[in-house]
Each structure stands twice: as structure tokens, then as C-alpha cells.
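Each chain, written out:
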There are 2 protein chains.
Amino acid sequence: MAEPMYRQIAEDLRLKIESGELPRGSQLATEIELREQYSASRNTVRDAIKWLTTLGLVETRPGQGTFVIEKINPYVTTLTGDASSGGGDETVYIAEVAASHRESEISDPRVEILRADRVVASNLRIDQGAQVVSRHQQRLIDGTPWSLQTSYYPMTLVRAGATRLLEATSIDGGATAYLAESCDIHQAGYRDTIAVRAPDENEAWFFKLAADGRVSVFDIFRVAFDKQGNRIRLTVTVYPCDRNRLRVDVGEVPPRGAPGTSSVPGPDE
Amino acid sequence: MAEPMYRQIAEDLRLKIESGELPRGSQLATEIELREQYSASRNTVRDAIKWLTTLGLVETRPGQGTFVIEKINPYVTTLTGDASSGGGDETVYIAEVAASHRESEISDPRVEILRADRVVASNLRIDQGAQVVSRHQQRLIDGTPWSLQTSYYPMTLVRAGATRLLEATSIDGGATAYLAESCDIHQAGYRDTIAVRAPDENEAWFFKLAADGRVSVFDIFRVAFDKQGNRIRLTVTVYPCDRNRLRVDVGEVPPRGAPGTSSVPGPDE
DNA sequence: GGGTATTTGTCCGTATGTATT
DNA sequence: AAATACATACGGACAAATACC
């Protein structure tokens, strides 16, 4: 009895899922039925199902049953782009989304002035407690929540003339272009750092993720630099991992072209 | 009684962890002690602990106890680089690792000739079932497992002269340079697609991850192109998300410099 | 809207197995 | 070998969510 019973049951169900005997989206037998099929207690069956749940293979819906998870056709976000234009503000993503025939919505930003915490301060190379402007937005595609984004600008930019950063409306043409014209600060490049973690409560709610940490989120820190290497912005974007892919293009890469669109498993085109 | 009891217990413990009352790495009270503290049954306490486990906050060790997870100082892998050089073969990473004073080991490749499955075929734009060379390697840093990598080359490259692709030894100077000299195929760029998923059994074993899917892995597909836009290689690299960060540099970005190395929480320098 | 059947969720108690010290 | 602590497995009772009539 090397393998505990609940794992054997889980393994048996897993094989049935991956062989196609239990198709994506289909309903499993109820816990009572499985209890009889496997001659186990209901709790043991539940342990097997919980195991499959953390593997991301099934989900349970109270009052309904247990279902095989459907693969999602993921959104693809390209991180590389024109360094001197957008690179993480409002305009860039719109075009990309429109190009794939999906409709994007962006909330008006929630603008706050606050003191830099440890993370913001170290990324912007300013003193902890120094004032920053925070602009927070929610993004939806085709009505489903897609990302949460917060940009932090040093308050010194506002004093240098970029007063519209304080307005709670999207900045037409993008914040990067606005910084160039309002206070002659030109973005020269940016650096993304990608981490993965469990969503917090707010994120789980907004993205409609299970409250436990089964589905994790991408946590992308984008620090933008001007030509002198000063850090002019930190943008933190959060995406649910289950319905997103990230793309990085380096060197000469053929255009996105060819509608040989992928159905899911391997990151394809 | 809006919140079930096990969630209340979990929340209480979570607050104690995040407030520092239970420091990273410290041991929680045993299940029996918690049962008395919270006047709940041992099973309910276990449900609370299981909840914290899926959130990635604690881990249980049979025979020892339950411990607060320690944050790991992550390895950072930069995906952007010189498009015409390495970009995903053996040499590139070595330098990067050495630069951060860590010692890297790379296994000799396991070389196989096999037929392209659906994923490999669609990424290389060849027919499913066509022959490809697969070169698989394990990478370690400071003795701890770091990544699993498999590169797929169309068999046509071997016929065009790149016969050393079939040898089960690392290719000095990198496979990309070798392709250039052996059959005049020059890499012009590459495209990475980043996904996150639960590890499979082999990956969980190699990376010493819990067998359930709590810690997920980065799944990075790198397709390399020559100047004509032909796809010359697919490299699939898998990293555990808990101890890795990905880096993307675009445009002018200051050098990595300054040893103000981060201790963990926010992706910093 | 209400009522009922179905299905999963929570909680308890108990016994025994297995890993570690 | 013994003690400790988590893991597995069982059975039972009731709650909560959902679907259907």
C-alpha cells in the first residue's frame, strides 16, 4: 500500500480526464457515487477531489457537482515594445487587444497621493516615505476581468509640471507622451521583473478566482528610465496566470500574422 | 457565522504570520495545541493549516511540525539578450550565473531523435510526426535544481551539416554559433512565450517540490528565427516559480550594477 | 415565491499509519 | 525503542448552495 487510497482514486480519475473519457467541462460522478465506485468513505473521495483541485484539473461547485476544468484560450500580452513610447501605460494595450478582435475596457484611474512604502521606494530609488502619485486602473476584455494595474510616479514629476498626473481621467496619448511634453522627461527604456504569487483577497474577488490560492497571478514590476538612467515610473500589473500568456520578442521576429490561432496546450502562435 | 471556523483560524494565524509574531521559518503550535487554543477539533485545525498551505504561507513536515515558509532570495533570469548570439542555449546562462557569484552546473544533454508531437510541430511549423532532434538538460545552481530545458531542432538542420547536434555533449560556444558555422544558419531573433502551470511528476521530483500542485512552474517556449523568418529551434525551459524571477529589458536600461541586492518581497533590483 | 431534492461544504470524534527525533 | 507530530481513513450530522418543480 505504497500509495494512499485517495491518491489512487485521484490518479484513476486523472487518467480518465487525460484520456478524454471525462471530457473538459463534463461533470464527475457525485461524491456518493464515487464512494460506492471506489468502496471508500465520502471523506476519502473528497480528499481525492481536493488533490485534483490543487492540480488544476477539476473544480467543485457547491450544490452542483464536480467538473473537469475547461482550458481557456489565453490572452497574450507582449512585454517588449517601443521603449520610447508607451511601455505600460494606458494606450499601448488597447491597440493590441483590438487587433485580436476583442473589446477592451479600462476604468478611470483611481488617483491617490501617498507615501512610498519599502517596495515602491526601492524600485524608484527614492526615500521611503517620500510622496508619490499612484494611478490605479482595472482592465477588462470582453467583459471579463483581465488585469489590475497601478503606476507610481515620484511627486517631483508633478512639481516639474506634469500636473495632469493628479487628474482622475485617462491621459490621452499615454502618460509617457504626456511626461515628454509637460516636463521634458523622455522615457528611454524599461525593465520588467516577473514574479508569480497567490492572489490577495481583492485580486481573487476582482478576477473571480477561487478564494484559496489555486490559481496564481503574474506580478509584473515595470520600472521606466529616462536617458540619464533616472527612474521615472514604477508600474505594477497583475494578471491571473490561468488566462494569460506573456510574450517577449527579441531581435528580428516575423510579424504576428497568420491566423493559425492556437487552441491551447503548448504556447504556440 | 459568516466565515467557517477553519477560515477564521487560518485568518488568525495568517495575521500572526504577517505581523511577524510568527517569524519566517518558525514552527507553529502542534495540531493538538491549536485544537485547544481554538476549541476546535483536530480536523478543523488541519483544514485551517491546509488552507494556509495552498496560500503558500506554511508547510507541514511529517514528524516535525508546521512551519512558516521562508522567503527565498530568487534567481533572476534575463530573457532579453543579444538576438544573434545564444538566446537560450548552453552558454548564455553560465555567464549570468557566474556574475552573481553562484556556481552553475549543467548536465550533459540527453539527446533523442523523435517525431514531433502537436506542440513541437506547430511551434516549429513542421509536420506533425516529422523527425526532430531533442536535447534535454538539467541545470543546477549551487547544487540546487534550477531548470529543466529541452531544445528541439528540425532534422533538416542535421542533414544540412549540423551533425554535432546528435552528440550527447555540450556544444562549446553554444549551439547557435555552431549552427552558423556548420550550415550557415544565422539566428536573427527569438520569441518567448511564458505560461504558468502545475509541475508534472518528474518536475516535482527534480525540483523537490511538494507532489501536489502548490508551487507552480514557469513554462517558457522560445522559438528562434533566422533572417528569413524560418523557425530553427524550439527551446522549452521550466523553472519553479517560487525561486525564480524573469527579467525583460527594453530600450536603454542602466547596467545591473549596484550591489543593493534585494531581500525579497517586491521585485526590486 | 416557496418547497424540496440534490450536491458539496463544514465540523466532529475516533482509530491507525508513517515519518522524525 | 519510545515519544512526538503529521497523514490517512472511516462514519456521522448538519449547513449552505443550487436546481427544479
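Basis of the calculations
Residues numbered from 1 in each chain as written. Chains lettered and ligands numbered in written order. Predicted model: local features only at pLDDT ≥ 70, side-chain atom pairs only at ≥ 80, totals over all residues. Heavy atoms only, no water. Core = buried A, V, L, I, M, F, W, Y, C linked by side-chain atoms within 4.5 Å. Buried < 20%, exposed > 50% of the residue type's maximum accessible area, 1.4 Å probe, protein only. Contact = heavy atoms within 4.5 Å. Least-squares fit on C-alpha atoms with pLDDT ≥ 70 in both. pLDDT = per-residue confidence, 0-100. Phe/Tyr/Trp six-rings, centres within 6.5 Å; stacked < 30°, edge-to-face > 60°. Helix = DSSP H or I, 4+ residues; strand = E, 2+ residues; numbered from the N terminus. Arc of directions from axis to C-beta.

1. Topic: the nonpolar core
Thinking step 1. Core analysis: the biggest nonpolar cluster contains 58 residues, and Leu165, Ile194 and Phe218 of chain A together with Leu165, Ile194 and Phe218 of chain B have the highest contact counts within it.
Thinking step 2. Setting aside residues no more than four positions away along its own chain, Ile194 of chain B makes contact with Ile194, Phe218, Asn244, Arg245, Leu246 and Val248 of chain A together with Leu79, Phe218, Asp219, Ile220 and Leu246 of chain B.

2. Describing the relation of the copies chain A and chain B
Thinking step 1. Relative to chain B, chain A is turned by 180° and slid 0.0 Å along the rotation axis, the superposed coordinates differing by an RMSD of 0.1 Å. Interpreted geometrically, this transformation is the action of a two-fold axis.
Thinking step 2. The overlap is high: 100% of the interface residues of chain A also sit at the interface in chain B, so the same surface is used on both sides.

3. What to know about the confidence of the model for chain A
Thinking step 1. Confidence along chain A averages 87 in pLDDT terms, with 86% of residues attaining 70 or more.
Thinking step 2. Segment residues 258–265 of chain A: pLDDT under 50, and 13 contacts once partners within four positions in sequence are set aside and those in other chains are kept.

4. Describing the packing of aromatic side chains
Residue and element names in this part refer to chain A.
Thinking step 1. According to the stated counting rule, one finds eight aromatic pairs over all chains in the structure shown.
Thinking step 2. With a centroid separation of 5.4 Å and an interplanar angle of 65°, the aromatic rings of Trp146 and Tyr239 are classed as edge-to-face. Separated by 93 residues along the polypeptide, Trp146 in strand 7 (residues 144–154) and Tyr239 in strand 10 (residues 231–240) bring together distant segments of the chain. Just as Trp146 is buried, Tyr239 falls in that class too.

5. Description of the side chain of Thr193 of chain A
Thinking step 1. Structurally, Thr193 of chain A can be placed in strand 8 (residues 187–197).
Thinking step 2. When its relative accessible area of 5% is taken as the criterion, Thr193 of chain A is described as buried.

6. Some details on helix 7 (residues 175–183) of chain A
Residue and element names in this part refer to chain A.
Thinking step 1. Restricting attention to buried positions, one finds in helix 7 the residues Ala175, Thr176, Tyr178, Leu179 and Cys183. Down the axis of helix 7, the smallest arc covering the buried residues is 160°, so these residues share one side.
Thinking step 2. In the core, the buried residues of helix 7 are packed alongside strand 7, helix 6 (155–159), strand 8 and strand 10.

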